[in-house]
Each structure stands twice: as structure tokens, then as C-alpha cells.
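# Descriptive structure summary
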Amino acid sequence: MKLSPIWLALTALLLLLPARSGCDTLKAHAIADVVGLDGSSLGHADFSQTSHGVLIEANLHGLPPGPHAMHIDNVGTCDPKKQFASAGSHLSFEPRAHGYFARGGPHEGDLPNQFAAQDGTLRASTISNAFTLGNGTKSLFGPKGGALVLDSAGDDYLTQPSGNSGKRIACGPIKRTIAPGTRRAPSQHAHK
Ligand SMILES: [Zn+2]
């Protein structure tokens, strides 16, 4: 096969062009596989860094219907045998009170209540700019990681130390899936 000089020149030009422009850094992302007190899977939650905070999208099942407190705890260990006390306490970068309505509150890890349907499913979509998925001082990934935890009842956003929200019933260690600053691979399709 004989290629004309113009085609050879164009091919060479395309090969010299960078595969992507400079705006192809992926947004940080993390996932939590959530388990119940019997150790069985209750679904998962996605954490996506946005320019306005961390978007948390949970898709859970097997929960008692009604309101449930949801929070980020400061240890990424979910041990059902310890009723998830292994997850530590609510994420708080400095000593602060619990709850949106509390003087000196809230903890950075405090999140709005979520509600399970009659069939036990819970689809949560919420956002927080109190922490990031980055590596800086506001990272939810502390020295011991982090966990997403749901309690048996709703948070009154005021009572210490955790909003009178009953016991912990669901817990998922938060694991990085895309570290901050990760470059998109040339062959990778657009991240939705
Ligand atoms: Zn709290």
C-alpha cells in the first residue's frame, strides 16, 4: 500500500498531539460496602468529590423502616461483634459538639437523617462540604481511615454525644477507588 505524503504528514501530526488536554484529571471517588450487625451486606454507598463538597449516594436494603441517623466515623473498621464501636466516633477535626442545632456543633462527620421505606430499602443522596476526599487537613481519610455508619433511629441534631439516635446498625469502611489527582488513562471512556 502506498500512502501519499500528505497522509503521512497528517498521521505524524496526530501522533504528536497529546492524547488529551490538561483537564482530564479524574475527580476523587470512594466506596463503602455496608454491612449489618449480622455481618451481611446491606448495599453500598458512593462518595464523589465535587467542586461543592462530597456527594454521598447510598443504595441500601434490609433496614428497619423509618428515620436513621447517618454519619462519618473516624476509624475505617466495621466489626459487627463490637456493634460497630470499632468505627470510633463522629469525624471531628477539632473538639466539637454533636449536632446541627448544638452550640459548638456540628461534627464534620454529622450528616442529615435518611429514611428507609417500608420494604427496608434506603436511597440516600446528600452532599457535605465539611470534609473532602483529598489528602489535606479536611480529608475524611484520617490516620485510621473512615466509615459510613447508620443508627437505629433518627438524629435529633442536639443530644450529646450522638443525637439520641439509638444503636449503630449499619457500617461500611470507606475505601478510595480514585485517588485525588489521578490522570485519566488515554483509553478510558469518560467518567459519568
Ligand atoms: Zn456527631
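A quick note: this is a predicted structure, and the numbers were derived from the prediction, not measured.

## Focus on the overall build of the chain
Along its length, the chain carries 1 helix and 8 strands. Of the regular secondary structure in the chain, the N- to C-terminal order runs α-β-β-β-β-β-β-β-β. When burial is assessed residue by residue, the chain has 33% of its 192 residues classed as buried. Of all intrachain contacts in the chain linking residues separated by at least 6 positions in sequence, the fraction that spans at least 24 positions is 61%.

## Things to note about the sheet that holds strand E8 (residues 168-178)
With respect to topology, 8 strands assemble into an open sheet ordered E5-E4-E7-E8-E1-E2-E3-E6, the strand pairing being antiparallel. In this open sheet, the two edge strands, each paired with only one partner strand, are strand E5 (110-116) and strand E6 (122-128). The average undirected angle you get between the axes of adjacent strands in this sheet is 20°.

## Description of unusual backbone geometry
With an omega dihedral of -10°, the bond running from Gly105 to Pro106 counts as a cis peptide bond. Turning to its location among the elements, Pro106 is positioned in the loop between strand E4 (66-73) and E5. The step from Gln160 to Pro161 runs through a cis peptide bond, and the omega angle for that step is 0°. Structurally, Pro161 can be placed in the loop between strand E7 (147-151) and E8.

## With respect to the environment of Val75
Looking at the secondary structure, you find Val75 in the loop between E4 and E5. Its 20 C-beta neighbours within 10 Å are what place Val75 among the buried residues. Residues Val75 and Leu140 lie 65 residues apart in sequence; the distance between their C-alpha atoms is 9.8 Å. Sequence-distant contacts of Val75, defined by excluding residues within four places in its chain, comprise Ser86, Ala87, Gly88, Lys144, Gly145 and Ala147.

## As for the nonpolar core
Core analysis: the biggest nonpolar cluster contains 37 residues, and Val34, Ala147, Leu148, Val149, Ala170 and Cys171 have the highest contact counts within it. Those elements that provide at least two residues to this core are strand E1 (29-36), strand E2 (41-50), strand E3 (53-60), E4, E5, E6, E7 and E8. Ignoring anything within four residues of it in the chain, the contact list for Ala147 reads Asp73, Val75, Gly76, Cys78, Ala87, Cys171, Gly172, Pro173 and Ile174.

## Quick notes on the pairing of E1
Two faces make up the sheet, and in a regular strand the side chains alternate between them. By the bridge criterion, 7 bridges tie E1 to E2 in an arrangement that is antiparallel. Each bridged residue has a counterpart across the sheet, and for Ile31 the counterpart in E2 is Asp46. Linking E1 back to E2 in an antiparallel pair, the connection comprises 4 residues, with Gly39 at a positive phi of about 85°. In this sheet, E8 lies alongside E1 in antiparallel orientation, the contact comprising 6 bridges. Bridging across to E8, Ile31 finds its partner in Lys175.

## Examining the confidence of the model for the chain
Per-residue confidence for the chain gives a mean pLDDT of 89, with 85% of residues at or over 70. Contacts from residues 13-22, a stretch scored under 50 in pLDDT, to residues over four places away or in other chains number 3 contacts.

## Brief notes about the environment of His98
For His98, the location among the structural elements is in the loop between E4 and E5. The exposure class assigned to His98 is buried, which follows from the 28 C-beta atoms found within 10 Å. Separated by 58 residues in the primary sequence, His98 and Asp156 place their C-alpha atoms 9.9 Å from one another.

## Looking at the environment of Asp151
Following the sequence through the fold, Asp151 ends up in strand E7. Sequence separation of Asp151 and His68 is 83 residues, and the distance between their C-alpha atoms is 5.5 Å. Asp151 has contacts with His68, Ala69, Ser165, Gly166, Lys167, Arg168 and Ile169, leaving out every residue within four places of it along the chain.

## Focus: the pairing of E2
The pairing of E2 with E3 spans 8 bridges and is classified as antiparallel. Opposite Ala45, over in E3, you have Ala58 as the bridge partner. Hairpin connection, E2 to E3: the antiparallel pair is bridged by 2 residues.

So, how was this worked out
Along each chain, residue indices are assigned from 1 in the same order as the chain's sequence is written. Local features in a predicted model are, by the rule used here, given only for residues with pLDDT of at least 70; side-chain atom pairs are given and counted only at 80 or more, and totals for whole chains, interfaces and linings are based on all residues. Strands here mean DSSP runs of E at least two residues long; helices mean DSSP runs of H or I at least four residues long; both are numbered from the N terminus. Each residue is classed by its C-beta neighbour count within 10 Å, where at least 20 other C-beta atoms makes it buried, 12 or fewer makes it exposed, and intermediate counts make it partly exposed; the C-beta atoms are placed from backbone geometry. The contact criterion used here is simple: two residues whose C-beta atoms, placed from the backbone, lie within 7 Å are in contact. Strands are treated as partners if at least two bridges between them are detected by DSSP. Between N-to-C directions, angles cover 0 to 180 degrees, with each direction set by a line fitted to C-alpha atoms, over the stretch in contact for helices. By convention in this section, buried Ala, Val, Leu, Ile, Met, Phe, Trp, Tyr and Cys residues joined through C-beta atoms within 7 Å make up a nonpolar core. Confidence scores labelled pLDDT are given residue by residue by the predictor and lie between 0 and 100.

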